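Analysis of the macromolecular model
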Amino acid sequence: MAKSKLLEMHNVGIVVESLDNAISFFQEIGLTLEGRMVVAGEWAGKVTGLKDQEVEIAMMVTPDGHTRIELSQFISPKTIADHRTAPVNSLGYLRIMFRVDNLEELITRLKKHGTTVVGEVVLFENIYKLCYIRGVEGILIGLAEQIGTQTATDLLEN
(Lines give C-alpha, C1' and ligand atoms only; values in the text may rest on other atoms or scores of the structure.)
Protein backbone atom coordinates (compact mmCIF):
# COMPACT_ATOMS: atom_id res chain seq x y z
CA MET A 1 0.00 0.00 0.00
CA ALA A 2 1.32 3.47 -0.94
CA LYS A 3 2.14 5.89 1.87
CA SER A 4 -0.46 8.65 2.29
CA LYS A 5 0.59 12.16 1.28
CA LEU A 6 -0.58 15.43 2.77
CA LEU A 7 -2.46 17.29 0.02
CA GLU A 8 -3.46 20.60 1.60
CA MET A 9 -4.51 22.34 4.80
CA HIS A 10 -8.24 22.70 4.31
CA ASN A 11 -9.53 24.56 7.36
CA VAL A 12 -9.15 25.57 10.98
CA GLY A 13 -12.22 25.28 13.21
CA ILE A 14 -13.34 27.94 15.67
CA VAL A 15 -16.36 27.55 17.96
CA VAL A 16 -18.24 30.81 18.54
CA GLU A 17 -21.30 32.04 20.43
CA SER A 18 -22.59 34.21 17.59
CA LEU A 19 -22.09 32.97 14.05
CA ASP A 20 -23.37 36.25 12.59
CA ASN A 21 -20.87 38.36 14.56
CA ALA A 22 -17.97 36.05 13.71
CA ILE A 23 -18.87 36.05 10.00
CA SER A 24 -18.99 39.85 9.99
CA PHE A 25 -15.62 40.06 11.77
CA PHE A 26 -13.82 37.70 9.38
CA GLN A 27 -15.41 39.41 6.37
CA GLU A 28 -13.93 42.68 7.65
CA ILE A 29 -10.49 41.03 7.66
CA GLY A 30 -11.05 39.98 4.04
CA LEU A 31 -12.38 36.42 4.09
CA THR A 32 -15.47 35.50 2.06
CA LEU A 33 -18.43 33.48 3.28
CA GLU A 34 -18.33 30.33 1.18
CA GLY A 35 -21.41 28.71 2.68
CA ARG A 36 -23.51 28.19 5.79
CA MET A 37 -25.49 25.16 6.95
CA VAL A 38 -26.70 23.11 9.91
CA VAL A 39 -24.87 19.84 10.50
CA ALA A 40 -26.65 17.21 12.57
CA GLY A 41 -27.21 13.52 12.73
CA GLU A 42 -25.64 10.31 13.91
CA TRP A 43 -22.71 10.50 11.46
CA ALA A 44 -21.69 13.94 12.75
CA GLY A 45 -21.70 12.78 16.35
CA LYS A 46 -19.55 9.78 15.41
CA VAL A 47 -16.90 12.09 13.95
CA THR A 48 -16.76 14.47 16.94
CA GLY A 49 -17.57 12.01 19.71
CA LEU A 50 -20.46 14.22 20.87
CA LYS A 51 -23.19 11.70 19.93
CA ASP A 52 -26.34 13.67 19.14
CA GLN A 53 -25.12 17.04 18.03
CA GLU A 54 -26.55 19.92 16.08
CA VAL A 55 -24.23 22.69 14.98
CA GLU A 56 -24.56 25.55 12.52
CA ILE A 57 -21.38 26.10 10.55
CA ALA A 58 -20.12 28.82 8.25
CA MET A 59 -17.15 28.26 5.97
CA MET A 60 -15.00 31.35 5.39
CA VAL A 61 -12.35 31.29 2.66
CA THR A 62 -9.19 33.36 2.20
CA PRO A 63 -8.86 35.51 -0.94
CA ASP A 64 -6.42 33.05 -2.53
CA GLY A 65 -9.00 30.27 -2.12
CA HIS A 66 -6.55 27.92 -0.45
CA THR A 67 -7.46 28.08 3.25
CA ARG A 68 -10.71 28.15 5.18
CA ILE A 69 -11.94 28.87 8.66
CA GLU A 70 -14.91 26.78 9.74
CA LEU A 71 -16.94 28.75 12.27
CA SER A 72 -19.22 26.59 14.40
CA GLN A 73 -22.08 27.60 16.68
CA PHE A 74 -23.27 24.60 18.70
CA ILE A 75 -27.00 24.29 19.15
CA SER A 76 -26.64 21.02 21.05
CA PRO A 77 -24.85 20.00 23.08
CA LYS A 78 -24.04 23.38 24.58
CA THR A 79 -20.38 24.37 24.80
CA ILE A 80 -18.68 23.32 28.03
CA ALA A 81 -15.34 25.16 28.04
CA ASP A 82 -14.06 28.58 27.08
CA HIS A 83 -10.43 29.12 26.04
CA ARG A 84 -10.89 32.51 24.40
CA THR A 85 -9.10 34.55 27.03
CA ALA A 86 -6.13 32.20 27.48
CA PRO A 87 -2.81 34.03 27.27
CA VAL A 88 -0.69 33.55 24.13
CA ASN A 89 1.70 31.18 25.93
CA SER A 90 -1.03 28.64 26.83
CA LEU A 91 -0.75 25.08 25.55
CA GLY A 92 -2.72 24.17 22.45
CA TYR A 93 -3.44 26.17 19.34
CA LEU A 94 -4.63 29.66 20.06
CA ARG A 95 -4.28 31.95 17.07
CA ILE A 96 -4.40 32.31 13.33
CA MET A 97 -1.97 34.64 11.54
CA PHE A 98 -3.00 36.61 8.45
CA ARG A 99 -0.74 38.62 6.15
CA VAL A 100 -2.40 41.93 5.28
CA ASP A 101 -1.42 44.89 3.12
CA ASN A 102 -2.27 47.83 5.43
CA LEU A 103 -2.12 46.89 9.10
CA GLU A 104 -3.08 50.22 10.67
CA GLU A 105 -6.08 50.73 8.39
CA LEU A 106 -7.36 47.21 9.16
CA ILE A 107 -6.94 47.68 12.91
CA THR A 108 -8.99 50.90 12.68
CA ARG A 109 -11.83 49.07 10.87
CA LEU A 110 -11.71 46.10 13.24
CA LYS A 111 -12.14 48.35 16.28
CA LYS A 112 -15.80 48.69 15.18
CA HIS A 113 -16.09 44.97 16.02
CA GLY A 114 -14.67 45.49 19.52
CA THR A 115 -11.14 44.44 18.56
CA THR A 116 -8.24 45.40 20.81
CA VAL A 117 -4.50 45.13 20.18
CA VAL A 118 -3.03 42.66 22.70
CA GLY A 119 0.38 44.31 23.14
CA GLU A 120 1.79 46.70 20.57
CA VAL A 121 2.31 46.87 16.83
CA VAL A 122 6.00 46.02 16.38
CA LEU A 123 8.58 45.82 13.62
CA PHE A 124 10.20 42.40 13.17
CA GLU A 125 13.63 42.42 11.51
CA ASN A 126 12.51 45.08 8.99
CA ILE A 127 10.50 42.27 7.38
CA TYR A 128 7.06 42.52 9.01
CA LYS A 129 5.02 45.01 10.97
CA LEU A 130 2.93 42.76 13.20
CA CYS A 131 0.63 42.48 16.18
CA TYR A 132 -1.82 40.22 17.95
CA ILE A 133 -5.42 41.33 18.33
CA ARG A 134 -8.36 40.03 20.34
CA GLY A 135 -11.21 40.00 17.87
CA VAL A 136 -14.89 39.21 18.14
CA GLU A 137 -15.59 36.92 21.14
CA GLY A 138 -11.95 37.26 22.24
CA ILE A 139 -10.55 35.23 19.32
CA LEU A 140 -6.78 35.72 19.09
CA ILE A 141 -5.59 36.77 15.62
CA GLY A 142 -2.09 37.62 14.42
CA LEU A 143 -1.76 40.27 11.71
CA ALA A 144 1.42 40.86 9.70
CA GLU A 145 2.17 43.44 7.04
CA GLN A 146 5.19 42.52 4.92
CA ILE A 147 7.71 45.33 4.43
CA GLY A 148 9.89 44.96 1.35
CA THR A 149 10.59 41.64 -0.38
CA GLN A 150 12.26 39.57 2.33
CA THR A 151 10.14 37.10 4.35
CA ALA A 152 10.56 35.26 7.64
CA THR A 153 11.35 32.14 5.58
CA ASP A 154 14.43 33.92 4.26
CA LEU A 155 15.68 34.23 7.87
CA LEU A 156 15.03 30.56 8.58
CA GLU A 157 17.00 29.47 5.53
CA ASN A 158 20.17 31.28 6.69
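That block above? That's the structure.
Structure report, in brief. (Residues numbered from 1 in each chain as written. Predicted model: local features only at pLDDT ≥ 70, side-chain atom pairs only at ≥ 80, totals over all residues. Heavy atoms only, no water.)

**Some details on the overall build of the protein**
- A count of helices and strands for the protein gives 4 helices and 9 strands.
- The order of α-helices and β-strands along the protein, N terminus first, is β-α-β-α-β-β-β-α-β-β-β-β-α.
- The dimensions of the protein, computed from C-alpha atoms along their principal axes, are 50 × 50 × 30 Å.
- The buried share of the protein, reckoned over its 158 residues, is 31%.
- Summed over its atoms, the accessible surface of the protein is roughly 10,500 Å², and 54% of this surface lies on carbon and sulfur atoms.
- Side-chain charges in the protein split into 15 positive and 21 negative, and the spacing between the mean points of these groups amounts to 3 Å. (Helix = DSSP H or I, 4+ residues; strand = E, 2+ residues; numbered from the N terminus. Buried < 20%, exposed > 50% of the residue type's maximum accessible area, 1.4 Å probe, protein only. Areas by Shrake-Rupley, 256 points an atom, 1.4 Å probe, with all protein chains shown as cover. Lys, Arg positive; Asp, Glu negative; His and termini not counted. Charge placed at Lys NZ, Arg CZ, Asp CG, Glu CD.)

**Re helix H1 (residues 19-29)**
- Every buried residue of H1 is listed here: Leu-19, Ala-22, Ile-23, Phe-25, Phe-26 and Ile-29. Down the axis of H1, the buried set is contained in an arc of 165 degrees. They therefore lie on one face.
- Phi turns positive one or two residues past the end of H1, at Gly-30, with a value near 130 degrees. (Arc of directions from axis to C-beta.)

**Topic: unusual backbone geometry**
- Backbone torsion omega between Ser-76 and Pro-77 reads -10 degrees, so that peptide bond is classified as cis.
- Within the secondary structure, Pro-77 is located in the loop between strand E4 (68-76) and strand E5 (95-100).
- Positive phi is not limited to glycine here, since Glu-125 has a value of about 55 degrees.
- For Glu-125, the position within the fold is in the loop between strand E7 (122-124) and strand E8 (128-134).
- Within the chain, Asn-126 stands out as a residue other than glycine whose phi angle is a positive 55 degrees.
- With respect to the helices, strands and loops of the structure, Asn-126 is situated in the loop between E7 and E8.

**Considering the sheet that holds strand E3 (residues 54-61)**
- If you trace the 4 strands from one edge of the open sheet to the other, you get E1-E4-E3-E2, paired in mixed fashion. Edge positions in the sheet fall to strand E1 (11-15) and strand E2 (32-40), since each of these pairs with one other strand and no more. For this sheet, the mean angle separating the axes of adjacent strands, direction not counted, is 20 degrees. (Pairing = 2+ DSSP bridges. Axes fitted to C-alpha atoms, helices over the stretch in contact; angles between N-to-C directions.)

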